[in-house]
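Structure assessment
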Amino acid sequence: MLFFSFFKTLVDQEVTVELKNDIEIKGTLKSVDQYLNLKIDNISTVNEGKYPHLKSVKTLFIRGSTVRYVHMSPSSVDCTLLQDASRREALVQSAK
């Protein structure tokens with residue numbers, strides 16, 4: 001649940017999603033669910049010449065299992081909050 005909570009903090013921010021089939025898509029993250037499926041608005045591909053069929057697409061739903069990486073601005077990541085959440089999650093897991 002840690003990653004789900006983290007990605008919820010990135011809603012309405014600009015992200016670049018790299019898929020397992022090597023397509024990179026830039027856009028505004030609009031929603032994320034517990035399976036890390038992503039809904040992205042105002043998309044553009046990094047290599048538009050290679051994927052011209054995606055030029056007309058404005059909104060995209062990406063299945064979480066097809067995502068390789070999600071790139072975001074370093075300023076959008078609160079490292080202290082993320083570290084604290086990781087420690088709490090580890091404590092919960094060790095108590096089981």
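Okay, so let's go over this structure. Keep in mind that what you see is a predicted model, and the values were worked out from it rather than measured.

What follows is about the environment of Ile25. If you trace the backbone, Ile25 turns up in strand β2 (residues 24–32). According to the relative accessible area criterion, Ile25 is buried, its value standing at 3%. When the C-alpha atoms of Ile25 and Val46 are compared, they prove to be 6.1 Å apart, with 21 residues separating the residues in sequence. When near neighbours in sequence (up to four residues on either side) are disregarded, Ile25 contacts Val15, Thr16, Val17, Leu19, Ile43, Ser44, Thr45, Leu60 and Ile62.

Time to look at the pattern of salt bridges. A full pass over the atoms with the stated rule returns four salt bridges. The residue Glu18 makes a salt bridge to Arg68 at a minimum N-O spacing of 3.1 Å. Residue Glu18 is found in strand β1 (residues 14–19), and its partner Arg68 is found in strand β5 (residues 67–72); the two are separated by 50 residues along the sequence. The salt bridge involving Asp84 is made with Arg87; its shortest N-O contact spans 3.3 Å. Taken as a pair, Asp84 and Arg87 lie in helix α2 (residues 79–95) at a separation of three residues, close to a single helical turn. Of the residues examined, Asp84 reaches a relative accessible area of 32% and is grouped as partly exposed. The exposure class assigned to Arg87 is exposed, which follows from its relative accessible area of 51%. Among the charged side chains, a salt-bridge network with shared partners connects Glu18, Asp22 and Arg68.

What follows concerns the nonpolar core. If you look at the biggest cluster of nonpolar residues, it comprises 19 residues, and the most contacted ones within it are Val17, Leu19, Ile25, Leu38, Ile40 and Ile62. At the level of secondary structure, the elements contributing two or more residues to this core comprise α1 (2–8), β1, β2, β3 (38–45) and β4 (59–62). Residue contacts for Val17: discarding those within four places in its chain leaves Ile23, Glu24, Ile25, Leu38, Ile40, Ile62, Val67, Tyr69 and Val70.

Two strands pair when backbone bridges link them, and β1 and β2 are joined in this way by five bridges, in the antiparallel orientation. Looking at the pairing, Glu18 lines up with Glu24 of β2. Between β1 and β2, which pair antiparallel and follow one another directly, the connecting turn spans four residues, one of which, Asp22, has a positive phi of 70°. Between β2 and β3, which follow one another and run antiparallel, lie five residues, and Leu36 among them has a positive phi close to 60°.

Take the packing of aromatic side chains next. The full count for this structure, using the stated rule, is one aromatic pair. Arranged with centres 5.6 Å apart and planes meeting at 65°, the rings of Phe6 and Phe7 form a pair that is edge-to-face. By relative accessible area, which is 12% here, Phe7 ends up buried.

Analysis parameters
Residues numbered from 1 in each chain as written. Predicted model: local features only at pLDDT ≥ 70, side-chain atom pairs only at ≥ 80, totals over all residues. Heavy atoms only, no water. Helix = DSSP H or I, 4+ residues; strand = E, 2+ residues; numbered from the N terminus. Buried < 20%, exposed > 50% of the residue type's maximum accessible area, 1.4 Å probe, protein only. Contact = heavy atoms within 4.5 Å. Salt bridge = Lys/Arg side-chain N within 4 Å of Asp/Glu carboxyl O. Core = buried A, V, L, I, M, F, W, Y, C linked by side-chain atoms within 4.5 Å. Pairing = 2+ DSSP bridges. Phe/Tyr/Trp six-rings, centres within 6.5 Å; stacked < 30°, edge-to-face > 60°.

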